[in-house]
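Here is what each chain is made of, one letter per residue.
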Amino acid sequence: MQRSSPTILWFRKDLRLSDNHALSAAVARGGPVIQVFILEPEDGGTGPMGSAQRWWLHHSLSALSKDLETRGSRLILRRGDAQKVLEALVKETGAEALHWNRRYEPVGMDIDGPLKQHFRDAGLTVESFGGQLLHEPTRLKTTGGTPFRVYTPFWKAVDAGGDPTAPIDAPKAIAAPDRWPDSEALDDWALLPTKPDWAGGFREMWTPGEAGAHQRLKHFISKGLRGYRRGRDFPAEPHVSMLSPHIALGEISPAQIWHATIGLPASVAAEDYVHFRKELVWRDFSYHLLFHFPELPRRNWNARFDDFPWRDNKTGLRAWQKGRTGYPIVDAAMRQLWQHGYMHNRLRMITASFLIKDLMVDWRDGEAWFADTLVDADPASNAASWQWVAGSGADAAPFFRIFNPITQGEKFDPEGTFVRRYLPELAKLPNEFIHKPFEAPEQVLRKAGVVLGETYPQPIVDHRKARETALSAYQEISAGA
Ligand code: FAD
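For the structure given in this document, a descriptive report is provided here. A quick note: this is a predicted structure, and the numbers were derived from the prediction, not measured.

1. What about the sheet that holds strand β5 (residues 125-129)?
- Taken in spatial order, the 5 strands line up as β3-β2-β1-β4-β5 in an open sheet, and their pairing is parallel. Whereas interior strands pair on both sides, the edge strands pair on one side only; in this sheet they are β3 (75-79) and β5. Across the sheet, the axes of successive neighbouring strands diverge by a mean angle of 25 degrees, strand direction being ignored.
- Two elements, strand β1 (residues 7-11) and strand β2 (residues 33-39), share 5 bridges in a ladder whose sense is parallel. For Phe-11, the partnering residue across the bridge sits in β2 and is Phe-37.
- On the sheet, helix α1 (residues 21-28) packs against β1, β2, β4 (97-101) and β5 and is oriented at approximately 155 degrees with respect to β4.

2. Re the side chain of Asp-19
- Looking at the secondary structure, you find Asp-19 in the loop between β1 and α1.
- Buried within the structure, Asp-19 lacks any salt-bridge partner; its nearest side chain of opposite charge belongs to Arg-16, at an N-O separation of 5.0 Å.
- Apart from the residues lying within four places of it in its own chain, the contact partners of Asp-19 are Pro-167, Ile-168, Asp-169, Ser-253, Ala-255 and Gln-256.

3. A closer look at unusual backbone geometry
- With an omega of 0 degrees, the peptide bond running from Lys-195 to Pro-196 counts as cis.
- Relative to the helices and strands, Pro-196 resides in the loop between α5 (151-160) and α6 (200-205).
- One non-glycine residue with positive phi stands out, namely Ala-190, at about 50 degrees.
- Along the chain, Ala-190 turns up in the loop between α5 and α6.
- For Ala-190, a relative accessible area of 51% puts it in the exposed group.
- Non-glycine residue Met-360 carries a positive phi angle of around 55 degrees.
- Tracing the backbone through its elements, the reader meets Met-360 in the loop between α14 (345-358) and α15 (363-373).

4. Observations regarding the site of the ligand
- Around the ligand sit 28 residues, and of these Tyr-228, Ser-241, Met-242, Tyr-342 and Asn-345 come closest.
- At 3.1 Å, a backbone N or O of Leu-243 approaches an oxygen atom of the ligand.
- Contact with the protein chains covers 96% of the free accessible surface of the ligand, which is 820 Å².
- For the shell around the ligand, the secondary-structure elements that each account for two or more residues are α9 (244-248), α11 (270-292), α14 and α16 (379-390).
- With 6 residues, the single largest contributor to the shell around the ligand is α11.

Conventions used here
Residue numbers restart at each chain and count upward from 1, following the sequence in its written direction. This being a predicted model, a pLDDT of at least 70 is required before a residue's local features are given, and a value of 80 or more before pairs of side-chain atoms are given or counted; all residues contribute to the totals for chains, interfaces and linings. In computing side-chain properties, one takes all heavy atoms of the structure into account and sets aside hydrogens as well as water. When DSSP finds at least two bridges between two strands, those strands are taken to pair. Helix and strand assignments come from DSSP, with helices taken as H or I runs of at least 4 residues and strands as E runs of at least 2, each series counted from the N terminus. Axis definition: a line fitted to C-alpha atoms, over the contacting stretch in the case of helices. Angles run 0 to 180 degrees between N-to-C directions. We call two residues in contact whenever any of their non-hydrogen atoms come within 4.5 Å of each other. Only protein chains enter the calculation, and the probe is 1.4 Å; a residue is then buried if its accessible area is under 20% of its type maximum, exposed if over 50%, and partly exposed in between. For the purpose of charge, His is not counted, nor are the chain termini; Lys and Arg are scored as positive and Asp and Glu as negative. Salt bridges are defined by distance alone: a side-chain nitrogen of Lys or Arg within 4 Å of a carboxyl oxygen of Asp or Glu. The cutoff for a nearby residue is simple: one of its non-hydrogen atoms must lie within 4 Å of the molecule or strand. Here a polar contact is taken to be a pair of N or O atoms separated by no more than 3.5 Å, where protein atoms must pair a possible hydrogen donor with a possible acceptor and residues adjacent in sequence count only if both atoms sit in side chains. Residue exposure ignores everything except the shown protein chains as possible cover, and the areas themselves are Shrake-Rupley values with a 1.4 Å probe.

Okay, here's the thing in structure tokens:
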């Protein structure tokens, strides 16, 4: 019997074997499957990512490679323009089919469309599959037939559509070609930091790869999901899943996560798992926005913000990045980001509001810093969320809702547990002043070993005054509308 020709499976930000429709269809085609990951030059595809996510990518590729080996297969690594790399592979292997899972960021889509046509014209069978989102961004439409701009009706449409398609298992075995094409060495890609190696905190916190993703999901479902609805706002509490970096590189699919919330014991309240699903749907909503407004990472959704008088505040930006603003909840959050490549959602809102509204720095500068330092950096969620906080986005928080870093800290970190974890220099302050050391009497500071301006910064702005300045700037652009 003649063996089927090889299929090339192009891995992108879908670094998993289970619920991978492109892979399973490649295996089902019969014949060998040649898996390739291409480090593309273009940002937005699988090209140069932020420094934190490059660290993750290295470990994720390494895990995927091992997982493939246990199935008698391999991961081929190549660098360069995707079309050229794939052309070379087709030539080297005699592949007659090419499969991938669809991606939805503009740069990636601009590459994939013409590439599909190119290889079809060359006589290959080219197939793309869904699975990176719960629903394709084109599937859901308002009753008027237009894309959604508001989250709540979007959620209702998702909810009314029932559960997403049930996830599929990983293939048990993957046929290997008689001869493997050459692969580059992962270490040669220099994705890991060396001098200095700043990833110590990442190693403590994370286990990149598909197995690590499922472990985290299991742990969250059994230990964190009960109480999620309330607890998800409290950064010191273990009520968020921390699945975002695994999702960002596709080590686990949103459908797998959604389905893990079905059929739970009655002790898990519906309000908790439904709220968790709603958060997952925010990710789909962000992609829906990005798909229909590809300029989202660069341009204000609401053009009125084009006239906003952003400040060229490099000192402020630097203090924010380093966690040295003098506002403990902001600084602890920025240090969590630096140490672990992650920040709790409540804190992302507080720190983003501080940069945009207290320091009047353009949200795009904050978005860029997050893109470089988050292990879960995601072109859709990052841009949509920054625009949400700025007030310039679709269905955004109104600009005048300015987060107060003191009251937010007092409300969501009432004992100062989170602040003390990341700002040990303030650990001995009593709860009363942990979120406002600048209001503490001299003897309280002395007793806690805090010298403002030396061991911990003085506030770089007066929040009350900064708020007024931001509001009058907003009034100017509103008056001009
Ligand atoms: P959980 O509460 O456990 O939520 C589960 C999953 O739902 C998350 O992993 C994520 O995939 C999704 N999700 C939750 N909240 C949101 C949200 N508001 N928007 C979109 N998806 C959401 N998320 C990213 O994945 N990448 C980013 O680059 C990113 N940048 C952000 C920037 C700002 C300024 C803000 C305010 C939010 C940003 N978010 C981003 C959204 C959110 O903060 C993170 O998804 C969440 O904190 C991840 O932690 P978790 O997995 O523990 O969340």
